[in-house]
Each structure stands twice: as structure tokens, then as C-alpha cells.
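# Working through the structure, step by step
In case you want the letters, here they are:
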Amino acid sequence: MSTSSAAPPAKPPMRDALVAAAFQLFLERGYEQTTVDDIVALAEVGRRSFFRYFPSKEDVVFPDHESCLAEMTAFLTAGESDAEPVRRVCDAARLVLRMYAENPAFSVQRYRLTRRVPGLRAYELSVVWRYERALAAYLRGRFADLPDGTLRADVIAAAVVAAHNNALRSWLRSDGKGDAEAAVDHALGCVQAAFADVPARPAPSPFPPEPPRPDDVVVLVARRDAPLWQVVRRFEAARGESR
């Protein structure tokens, strides 16, 4: 009769352990009050190990965007030359949704955190801008021979990102319990209906429309030479205070 005991559960990979430790501390102490030293102490790794995976504390909040951006770029590059370009960029945007939907609890947790921390909202805007630039670069190549091809590419890329993010936020506000895929299909269908060579009829949205907000004005004073990230951060902070 064997007397061997069950093996202990395997530890998560170091990168995952750092993310888990960071979010545990963010929830317990708050983002601003948590340091990199706190994170590595809880994860039981060295400080050097943290910076091997994440250049900054902000990056640990968005650990999956670099790989998703690379996947999106590869998807666009591998597309057939005769593929309908607007449909192709809409399909590329669905890769981002899949990343969020793979771990709804983490995605909702991150959404709540970024809503509370102005610096993270500014960082998130820079991430969104990189997705938009990837989509626009693909469309510029496809529309290179068209009048106003560059303008058309940039407008469509911005529309795809705005539509995707509108649906994604609706799903996140539902605590990840709604149908994220249906919401994004509806939003991207609106983009295809407006811009595609073969317009697609949008599917119905599974979420109720967002209630209108009262009009407000944010006045921001900044030095002419202030870096854009600093202006965005101050604007996001002002918006957060006015809500």
C-alpha cells in the first residue's frame, strides 16, 4: 500500500505571481500607497525580477497589452490582400475583447482601479492610442491609392477603437456578467455599416443605453511646453473630480 502524499500545488509563474501580489496590495492599501518593494516582498522575489517583466508599477496593471498588440499586428499583417479592410480591422479589435473576456474578474478589477487612479487612466489612454495606430497603419496601406486615403484610415481606426471601447466599458460596468461578444459585435457592426464596402447591419446591443450625463465644462491651464502626458493626466484628474 502506497503511503506517498499528494504533491503540493505548483507555484504560479513569476510574472503571474507579481501581478497577483500587486493587485492584492492595490485592493488592500490602495495603488498610490503600494510600492514596488511591497509587491516583490509579497511575491517573494527580488526587485530585479520585477523590472525584468515590468518597466514600471503602471505596467503591472496592464500586463497583457504588449502581447495583445503584437498579436493584433501579426493578424493584420497576415491578412489576405483582397480582404475587406474595415471588416479586417474590426476582427482585429475583437482580439482585444478576447483578452479581456478570458479573465473577467481581473478585467473588472482593473477597470475599477483605473477609474479611481488618474495616472492609470492617462496610462490607459496611451495604450489605447497604440492600438489605434496599429489599425491606422494597416488601413493606410490598404487605402494608399485612394484620395484622402490617410484621412479615411485614421477616421476608421478611431471609430473602431471608440466603438470597441464603448461596448467593452458597458460589459465591465456589468461586472463582466453581460454578453461582451454581443456588445462588441453590435458596436463594430455600426462601424462596418458606416464605412465598409459591404456594409453590415449591426446586431442589437445586449446592454441598455448609457444614461445621459449633464453637460459640464473642464477648464485646464497648462504651460505651452508641458508634455502631453502631463496635460492628459491633469485633464483626467479634473474629470474624475467632477463626477
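Up top is the structure these notes are about.
Summary of the structure given here. (Residues numbered from 1 in each chain as written. Predicted model: local features only at pLDDT ≥ 70, side-chain atom pairs only at ≥ 80, totals over all residues. Heavy atoms only, no water.)

## Considering the overall build of the chain
What counts, and what does not: Only DSSP runs of H or I with at least four residues qualify as helices, and only runs of E with at least two residues qualify as strands; both kinds are numbered from the N terminus onward. Partly exposed describes any residue whose relative accessible area lies between the buried limit of under 20% and the exposed limit of over 50%, with all areas from a 1.4 Å probe on protein chains only and scaled to the type maximum. Only heavy atoms matter for contacts: two residues are in contact if any of them lie within 4.5 Å across the pair.
In terms of helices and strands, the chain carries 11 helices and 0 strands. Reading the helices (α) and strands (β) of the chain from amino to carboxyl end gives α-α-α-α-α-α-α-α-α-α-α. Residue burial in the chain is summarised as follows: out of 243 residues, 39% are buried. Contacts in the chain between residues far apart in sequence, at least 24 positions, make up 65% of those at least 6 positions apart.

## Topic: the packing of aromatic side chains
This is how it is decided: Aromatic contacts are taken between Phe, Tyr and Trp rings whose centres are within 6.5 Å, Trp giving its six-membered ring; a plane angle under 30 degrees counts as stacked, one over 60 as edge-to-face, and the others as tilted. Note on geometry: a ring has a charge over it if NZ (lysine) or CZ (arginine) is within 6 Å of the ring centre and within 35 degrees of the ring normal.
Counted by the stated rule, this structure contains 7 aromatic pairs. In textbook terms, an aromatic cluster arises when at least three aromatic residues are bridged by ring pairs, as seen for F23, F26, Y31 and F106. For R88, the ring lying beneath its charged end belongs to F75, and the centroid distance is 3.7 Å.

## Some points on the layout of surface pockets
The line we're drawing: Every definition here rests on a 1 Å grid over the protein atoms only: cavities are sets of points where a 1.4 Å probe fits but cannot get out, pockets are open sets enclosed by protein on both sides within 12 Å along at least five of seven lines, and lining residues have some atom within 4 Å of a point. Grid points are joined across faces, edges and corners, and a volume is the space filled by probe spheres set on the points. When residues are grouped by polarity, Ala, Val, Leu, Ile, Met, Phe, Trp, Tyr, Cys and Pro land in nonpolar, Asp, Glu, Lys and Arg in charged, and all others, Gly among them, in polar.
When its volume is computed, the second largest pocket comes out at roughly 400 Å³. What lines the second largest pocket is a set of 17 residues, among which P63, D64, M99, N103 and F106 lie closest to the centre. Elements represented by at least two residues in the lining of the second largest pocket include exactly α1 (14-29), α5 (65-77), α6 (85-101) and α7 (104-116). With 5 residues, α1 is the single largest residue contributor to the lining of the second largest pocket. Residues that form the lining of the second largest pocket fall into these classes: 8 nonpolar, 3 polar and 6 charged.

## Quick look at the nonpolar core
The condition is simple: Take the buried residues of types Ala, Val, Leu, Ile, Met, Phe, Trp, Tyr and Cys, join any two whose side-chain atoms come within 4.5 Å, and each joined set is a nonpolar core.
Grouped together as the largest cluster of nonpolar side chains are 40 residues, with contacts concentrated most on M72, Y131, L135, L139 and V160. Taken together, the elements giving at least two residues each to this core come down to α5, α6, α7, α8 (118-142), α9 (149-173) and α10 (180-195). If near-sequence neighbours (up to four positions away) are discounted, L139 is found in contact with P85, V89, A153, I156 and A157.

## So, the packing of α8 against α9
Using the following cut-off: An axis is simply a line fitted to the C-alpha atoms; with a helix, the fit covers only the stretch in contact. Between two such axes, the angle follows the N-to-C directions and lies from 0 to 180 degrees. Our angle categories are set so that under 35 degrees counts as roughly parallel, over 145 as roughly antiparallel, 65 to 115 as roughly perpendicular, and the remainder as oblique. In this scheme the crossing of two helices becomes right-handed for a clockwise turn of the near helix relative to the far one and left-handed for an anticlockwise turn of less than a right angle.
Running from N to C, α8 and α9 cross one another at 140°; their axes reach a closest spacing of 8 Å. Relative to α9, α8 is oriented oblique. Of the two possible hands of crossing, α8 and α9 adopt the one that is right-handed. Contacts between α8 and α9 involve V128, E132, R133, L135, A136, L139 and R140 from the first element and T150, A153, D154, I156, A157, A158, V160, V161 and N165 from the second. Among the residues forming the contact of α8 with α9, the class breakdown is 10 nonpolar, 2 polar and 4 charged.

Keep in mind these numbers describe shape, not what the thing actually does.
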